[in-house]
Amino acid sequence: EVQLVESGGGLVQAGGSLRLSCAASGFSFDDYAIGWFRQDPGKEQEKVSCISISDGHTYDADSVKGRFTISSDNAKNTVYLQMNNLKPEDTAVYYCALRQTPYYYCSEYGPHEYDYWGQGTQVTVSS
């Protein structure tokens with residue numbers, strides 16, 4: 001079975017940094033994409049960032065561009081989301097998701113087009 005496990009969330013003051021990890025296991029295919037999504041109560045789910053493992057293509061939402069950086073350690077099947085200069089509006093549960101054998105760049109796929117999801121990790125940014 002494919003399993004995704006997020007870690008690295010926590011409580012941080014505005015301006016601080018966190019690094020989220022998404023460890024993927026239970027598969028042997030090499031062509032996949034990992035997306036980061038976030039959900040805060042009362043708000044719509046937002047696609048934050050994604051990376052296509054096969055070609056290294058990345059996407060960042062305008063709200064996080066210049067502050068968040070997605071990267072991958074392909075040997076470990078782990079994707080990271082480095083979050084710098086955090087703002088209170090970044091507060092949310094962050095989920096990673098895997099899209100198997102993407103044909104298009106990962107930025108073209110919505111959440112319903114990802115095949116597997118992790119359990120989420122809470123990020124809280126205080127003023």
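The residue numbering used here restarts from 1 in each chain and proceeds along that chain's sequence as written. Per-residue local features of the predicted model are confined to residues with pLDDT of at least 70, and side-chain atom pairs are confined, for both listing and counting, to 80 or more; whole-chain, interface and lining totals are unaffected and use all residues. The side-chain numbers reported here are obtained from all heavy atoms of the structure, hydrogens and water having been left aside.

Trainee: When you look at the nonpolar core in this model, what are you seeing that I'm missing?
Mentor: For soluble globular proteins, nonpolar side chains are generally found buried alongside one another. By nonpolar core is meant a set of buried Ala, Val, Leu, Ile, Met, Phe, Trp, Tyr and Cys residues that side-chain atoms within 4.5 Å join together. Think of it in three bands: with a 1.4 Å probe and only protein chains considered, a residue is buried below 20% of the maximum accessible area for its type, exposed above 50%, and partly exposed in between. Counting 28 residues, the largest nonpolar core has Ile 34, Trp 36, Phe 68, Leu 81, Met 83 and Tyr 94 as the members making the most contacts within it. Secondary structure elements follow DSSP: runs of H or I of four or more residues count as helices, runs of E of two or more count as strands, with numbering from the N terminus. For this core, the secondary-structure elements that each account for two or more residues are β3 (18–25), β4 (32–39), β5 (46–52), β7 (68–73), β8 (78–83), β9 (92–100) and β11 (121–126). Leu 81 has contacts with Leu 18, Arg 19, Leu 20, Trp 36, Val 48, Ser 49, Phe 68, Thr 69, Ile 70 and Tyr 94, leaving out every residue within four places of it along the chain. Core analysis: the next-biggest nonpolar cluster, separate from the first, contains 7 residues, Cys 50, Ala 97, Tyr 109 and Tyr 114 among them. Contact definition: two residues touch when any of their heavy atoms are within 4.5 Å.

Trainee: Where do I start with the packing of aromatic side chains in this structure?
Mentor: The description of an aromatic ring pair uses the distance of the two centres, along with the angle that the planes make with each other. Each aromatic pair joins two rings of Phe, Tyr and Trp (for Trp, the six-membered one) with centres within 6.5 Å, and gets the label stacked for planes under 30 degrees apart, edge-to-face for over 60, and tilted for any other angle. According to the stated counting rule, one finds 7 aromatic pairs in the structure shown. Here Phe 37 and Trp 117 contribute two aromatic rings whose centre-to-centre distance is 4.9 Å and whose plane-to-plane angle is 45°, an arrangement assigned as tilted. Separated by 80 residues along the polypeptide, Phe 37 in strand β4 and Trp 117 in strand β10 (residues 116–117) bring together distant segments of the chain. Residue Trp 117 is classed as partly exposed on the basis of its relative accessible area, which comes to 32%. Where Tyr 104 meets Tyr 109, the ring centres are 6.1 Å apart and the plane angle is 50°; that geometry is what we call tilted. With relative accessibility at 52%, the residue Tyr 104 sits in the exposed group. Residue Tyr 109 is classed as buried on the basis of its relative accessible area, which comes to 5%.

Trainee: Whenever I open this one, the side chain of Arg 67 confuses me. Can you help?
Mentor: Here Arg 67 lies in the loop between β6 (58–60) and β7. Here Arg 67 falls in the buried class, since its relative accessible area comes to 9%. Polar contacts, as used here, are pairs of N or O atoms within 3.5 Å; protein pairs need one atom able to donate a hydrogen and one able to accept it. Residues neighboring in sequence count only if both atoms are side-chain atoms. Within polar-contact distance, the side chain of Arg 67 engages the backbone oxygen of Ser 63 at 2.9 Å. When residues no more than four places from it in sequence are discounted, the contact partners of Arg 67 are Gln 82, Met 83, Asn 84, Asn 85, Leu 86, Lys 87 and Asp 90.

Trainee: Can you walk me through the pairing of β4 in this structure?
Mentor: Across the 8 residues that make up β4, a large majority, 7, are buried. As paired strands, β4 and β9 are joined by 8 bridges and run antiparallel to one another. Note that in β9 the partner of Arg 38 across the bridge is Tyr 94. Pairing of β4 with β5, which is carried by 6 bridges, proceeds in the antiparallel orientation. When the bridges of β5 are listed, Phe 37 appears paired with Lys 47. Counting the residues in the hairpin turn of β4 and β5 gives 6 residues, including Gly 42, whose phi is positive at 85°. A strand pair is defined by DSSP finding two or more bridges across the two strands.

Trainee: Looking at this structure, how should I read the state of the cysteines?
Mentor: What we call a disulfide is simply a covalent bond connecting the sulfur atoms of a pair of cysteines. Note on terminology: pairs of cysteine sulfur atoms within 2.5 Å are recorded as disulfides. For the structure shown, the criterion picks out 2 disulfides. In this model Cys 22 forms its disulfide with Cys 96; the gap between the sulfur atoms is 2.1 Å. Negative torsions about the S-S bond denote left-handed disulfides, and the value of about 70° found for Cys 22 with Cys 96 makes this one right-handed. Of this pair, Cys 22 sits in strand β3 while Cys 96 sits in strand β9; the two residues are 74 residues apart in sequence, bridging distant segments of the chain. For Cys 22, a relative accessible area of 1% puts it in the buried group. Exposure remark for Cys 96: the relative accessible area of 0% places this residue in the buried category. Residue Cys 50 pairs covalently with Cys 106 via a disulfide, S to S 2.2 Å. Its torsion about the S-S bond being 80°, the disulfide of Cys 50 and Cys 106 is classed as right-handed. Linking Cys 50 in strand β5 with Cys 106 in the loop between β9 and β10, this pair joins segments that are 56 residues apart in sequence. Judged by its relative accessible area of 0%, Cys 50 is buried. Cys 106 sits in the buried class, given a relative accessible area of 0%.

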